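Analysis of the macromolecular model
Here is what each chain is made of, one letter per residue.
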Amino acid sequence: MSLYNFLPAFRAYLPGEHKRILKINEELKDFILERVKEHQKVLDPNNPQDYIDYYLSKMQQEKDNAQTEFDLENVKMTGVDLFSAGTETSSSTLRYGLLLILKYPEVQAKILEEIECMIGHNRLPSIRDRQDMQYMGAVVHEVQRFIDLVPLNIPHAVNRDIHFQQYIHPK
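Looking up the protein in an unreviewed UniProt entry gives the name unspecific monooxygenase, with the organism given as Phascolarctos cinereus. Word for word, the UniProt comment on the protein under Cofactor (unreviewed entry) is "heme".

A separate point is the overall build of the protein. Tallying secondary structure elements over the protein gives six helices and two strands in all. Starting at the N terminus, the α and β elements of the protein follow one another as α-α-α-α-α-α-β-β. Scored against the burial criterion, the 171 residues of the protein give a buried share of 20%. Sequence separation of at least 24 residues holds for 37% of the intrachain contacts in the protein that already meet a minimum separation of 6. Accessible surface, the protein as shown: approximately 14,000 Å² in total, 59% of it carbon and sulfur.

Taken together, Tyr-96, Leu-99 and Leu-102 make up a surface patch of nonpolar side chains, about 320 Å² in accessible area. Relative to the elements of secondary structure, Leu-102 occurs in helix α4 (residues 72-103).

As a further point, take the packing of helix α2 (residues 18-42) against helix α3 (residues 51-61). Contact pair α2 / α3: the axes reach a minimum separation of 10 Å and the direction vectors enclose 70°. The angle between α2 and α3 places the two elements in the roughly perpendicular class. Both α2 and α3 take part in a crossing whose hand is right-handed. For the pair formed by α2 and α3, the contact residues are Arg-35, Val-36, His-39 and Gln-40 on the first element and Ile-52, Asp-53 and Leu-56 on the second.

The next point concerns the pattern of salt bridges. For the coordinates displayed, the defined rule picks out seven salt bridges. The partner of Lys-29 in a salt bridge is Glu-26, and the shortest N-O contact between them spans 2.8 Å. With Lys-29 and Glu-26 both in helix α2 and three residues apart, this pair spans about one turn of that helix. For Lys-29, a relative accessible area of 11% gives the class buried. As a salt-bridge pair, Lys-58 and Glu-62 come within 3.5 Å of each other at their nearest N and O atoms. The class for Lys-58 is partly exposed, based on a relative accessible area of 29%. What makes Glu-62 buried here is its relative accessible area of 18%.

Right, let's talk about the side chain of Thr-68 for a bit. Along the chain, Thr-68 turns up in the loop between α3 and α4. A relative accessible area of 18% means that Thr-68 is categorised as buried.

Analysis parameters
Residues numbered from 1 in each chain as written. Predicted model: local features only at pLDDT ≥ 70, side-chain atom pairs only at ≥ 80, totals over all residues. Heavy atoms only, no water. UniProt positions renumbered as here; feature names shortened; annotations may be inferred. Helix = DSSP H or I, 4+ residues; strand = E, 2+ residues; numbered from the N terminus. Buried < 20%, exposed > 50% of the residue type's maximum accessible area, 1.4 Å probe, protein only. Contact = heavy atoms within 4.5 Å. Areas by Shrake-Rupley, 256 points an atom, 1.4 Å probe, with all protein chains shown as cover. Patch = residues over 30% accessible without salt bridge, like charges linked within 9 Å, V, L, I, M, F, W, Y side chains within 5 Å. Salt bridge = Lys/Arg side-chain N within 4 Å of Asp/Glu carboxyl O. Axes fitted to C-alpha atoms, helices over the stretch in contact; angles between N-to-C directions. Parallel < 35°, antiparallel > 145°, perpendicular 65-115°, else oblique. Left-handed = near helix turned anticlockwise from the far one by under 90°.

So, in structure tokens, the structure goes:
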């Protein structure tokens, strides 16, 4: 690993699992860029539907700013970050949440009661149900508060001085 850190340009020439990971990462970036292009075709700045729409609107606002950080490369990389982090966070939260409600059957019973009352058996849940499911929301927040989601997170550092707007992040 120290060779990777010392000579990052040589990564492409070294054998190993990292090549498969890099290929998957490139495919994910291509996928996100395609979604961004689809959004660009139908963008209504007055009615943004999601993160990509808000980002594209900000890109349009700053199109004459040569120093803007709002460009296609950054939206692509931000999408990769959100996708990667969100996948792990969601699966870990679900795993711990299920374990906790197994440990506390009274909580499980109240959740089931709320689901039956608010959603019933004749339809699938939707995001609109979230506002009416106060107990379930409280349980999710309590699970997130209780668990140690990323106990040994990957350390981050910059390998060169970074100038961002009026800030400098030194190497």
